Amino acid sequence: MRRRAFNLATVAAATGLTLTACSGAPKAERGENDEIIVTFWHSMRGNNGEQLQAYVKEFNESQDEIIVNESQQGMYDEAYTKLMQVVGTDDAPDIMQMGNLRQTLDAGMITPMQTLIDADDSFDADELLPSTRGVWTVDEALQYMPQSASNNVIFYNVDAFKEAGLDPADPPRTYSEFADAARALKEKLGMDEGAGFLINGAMFSTLNSVQGEPLLNNNNGWDGAPTGAEFDGEAGVGIMTWLQEMLDEGILGNYGRDFDNLRQPWYSGKIGMISDTTAATMMHEQAATFDFDVMPLPVPDGVEPLTASPGGSGLAIFENVAEETQQAAFELVKFLVSPEIQARWAANTGYFPVVDSAWDEDTLSEAMEKIPAMKTANKLVQETGDSPDTRGPLSGVAPDSYIADAWESVYDGGDPMEELTKAADLVDTDLEKYNEANG
């Protein structure tokens, strides 16, 4: 393998930052041979974690100036909680795979990725997929680097579709078509239920996004700090009513908030369709004993379906870090979003590549031909534009847990409008407090 060489001091100077040993300036941690040590926190586990660890090891072995120490810090919420306990101290990471963009910006915690890109002629930001770039761009500057892009979709059992007389090449696109398919799977195959939806605020958000409907006002926070919830409007109530009606009929199962509790019944043939993230594609490929594919989340009858912008996580480099360490971390970032690594990452996990040229790599094209669900999902993301109408919220208050609570109450027989209104009132209160503290 060709070993790479960096001139970190020169690149750092190009950003307008200095590397002088000021008494108050943070200093880079050094290894035994004067390598710069970079601490990298992430939230990948299982197969996805093994893949990321392998790429970090490959980066370390490709050069002798930087050593990246990666560690898994739990799921995203848990990792962010840990970060807030140590941010600004020597125990904090230098770079992190994360979300929480609005909170991070309001706290002034990061160096915008745009700053590092502008000083580096070797990185072409135009290579980034517009839809993945858009979700991490604020004030016309890229804040995080997109790296693990995914979307919420419906995975469906192709073999079961055929056996039930359904056309797997023409999966349901509307609420009524989805209910009809779930009904057929239960009645004709004797499944426990035809489908299962994860009780999850992000899943609800995507069900809104495919209709072009926001969760919060001010265009989901992209036109200014949100001040109120909008998920208790017609679209949100329609979603909950549809789910409740299928549950009451017995064609939709309640499998709670844990992905594992939803996936196992699907693997065992007890249900035929599940809502899930494309990041689980390789997990399903390894566990499922049947052919499967994906379809977008359905929309109400008569509504023109949109393709939701990808979610997932980005890479953030922290502000209170030595400039040399920031540059070293940026070298890791460039490596992880290079076409070759992004193609391998996508082929081995189910995440989408974040650079267009990754689709030209044989590794990914061969995987897409082998795994129909991966091919379908990648075609969907390639069709996605960069529109705030289909993005998730940019907000210092995450409405997800309130929405999930309302969802559970609806499953327990609550009125969809009443339960969503209660959740919206709680979000409004939190938004008011957050905006007052960060105005």
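Residues numbered from 1 in each chain as written. Predicted model: local features only at pLDDT ≥ 70, side-chain atom pairs only at ≥ 80, totals over all residues. Heavy atoms only, no water.

**So, the overall build of the protein**
To keep things clear, this is the line we draw: Only DSSP runs of H or I covering at least 4 residues are called helices, and only runs of E covering at least 2 are called strands; the numbering of each starts at the N terminus. Computation of the radius of gyration draws on C-alpha atoms, with the globule rule given as 2.2 Å multiplied by the number of residues to the power 0.38. Pairs of residues are marked as contacts when any of their non-hydrogen atoms sit within 4.5 Å. Residue-level accessible areas treat just the shown protein chains as cover; the underlying method is Shrake-Rupley with a 1.4 Å probe. Asp and Glu count as negative and Lys and Arg as positive, but His and the ends of the chain are not part of the count. For the purpose of locating charges, the reference atoms are NZ of Lys, CZ of Arg, CG of Asp and CD of Glu.
Secondary structure summary: the protein contains 19 helices and twelve strands in total. Here the C-alpha radius of gyration of the protein, 22 Å, is about what a compact globule of 439 residues would show, namely 22 Å. In terms of overall dimensions, the protein has C-alpha extents of about 70 × 50 × 30 Å along its principal axes. Taking contacts inside the protein between residues at least 6 apart in sequence as the whole, the part at least 24 apart equals 77%. Put simply, the protein shows about 18300 Å² of open surface, and 44% of that area lies on carbon and sulfur atoms. Of the charged side chains in the protein, 26 are positive and 75 negative; the average position of the first set lies 5 Å away from that of the second.

**Things to note about the nonpolar core**
What counts here: For our purposes a nonpolar core is just a set of buried Ala, Val, Leu, Ile, Met, Phe, Trp, Tyr and Cys residues, chained together by side-chain atoms within 4.5 Å. Here's how the labels work: a residue is buried when its accessible area is under 20% of the maximum for its type, exposed when over 50%, partly exposed in between, all with a 1.4 Å probe on protein chains only.
If you look at the biggest cluster of nonpolar residues, it comprises 88 residues, and the most contacted ones within it are Phe40, Ile95, Met113, Met145 and Leu336. A total of seven residues in this core trace back to one element, the largest contributor, which is helix H14 (residues 323-336). By size, the runner-up hydrophobic cluster in this structure holds 48 residues, among which are Tyr156, Phe178, Ile239 and Met273.

**Concerning the sheet that holds strand S3 (residues 95-98)**
Stated precisely, the cut-off is as follows: Only strands joined by at least two bridges in the DSSP assignment are considered to pair. Here an angle of 0 to 180 degrees is reported between the N-to-C directions of two axes, which are lines fitted to C-alpha atoms, with helices fitted over the stretch in contact.
Pairing within the open sheet is mixed, and its five strands lie in the order S2-S1-S3-S12-S6. The sheet is open, and its two edges are formed by strand S2 (66-72) and strand S6 (145-150), each paired on a single side. Taken over all neighbouring pairs, the strand axes of this sheet differ in orientation by 20° on average, direction set aside. Note: strand S1 (residues 36-42) against S2, seven bridges, orientation parallel. Residue pairing in the sheet places Thr39 in a bridge with Asn69 of S2.

**Details of the sheet that holds strand S9 (residues 252-253)**
Read across the sheet, five strands follow the order S9-S8-S10-S7-S11 without closing on themselves; strand pairing throughout is mixed. Edge positions in the open sheet fall to S9 and strand S11 (292-295), since each of these has one partner strand only. By the bridge criterion, two bridges tie strand S8 (residues 195-196) to S9 in an arrangement that is parallel. Note on S9: the bridge partner recorded for Gly196 is Gly253. Across the sheet, helix H8 (residues 175-189) touches strand S7 (152-157), S8, strand S10 (273-277) and S11, and the angle it forms with S10 is around 125°.

**Looking at helix H12 (residues 259-267)**
Defined as follows: Polar contact is defined as a pair of N or O atoms within 3.5 Å, subject to the rule that within protein one atom must be able to donate a hydrogen and the other to accept it, and that residues adjacent in sequence are counted only when both atoms are side-chain atoms.
Within the span of H12, buried status applies to Leu262, Arg263, Pro265, Trp266 and Tyr267. Of the surrounding secondary structure, the elements contacted by the buried residues of H12 are S7, S8, S10, helix H13 (281-287) and S11. Its side-chain oxygen placed 2.8 Å from the backbone nitrogen of Asp260, Asp258 serves as the N-cap of H12. Directly beyond the C-terminal end of H12, a positive phi value near 80° is found at Gly269.

**Thoughts on the side chain of Gln51**
Structurally, Gln51 is set in helix H2 (residues 46-61). Engagement of the side chain of Gln51 in a polar contact is seen with the side chain of Asn348, the distance being 3.4 Å. Dropping the residues within four chain positions of it, Gln51 is found in contact with Trp345, Asn348 and Thr349.

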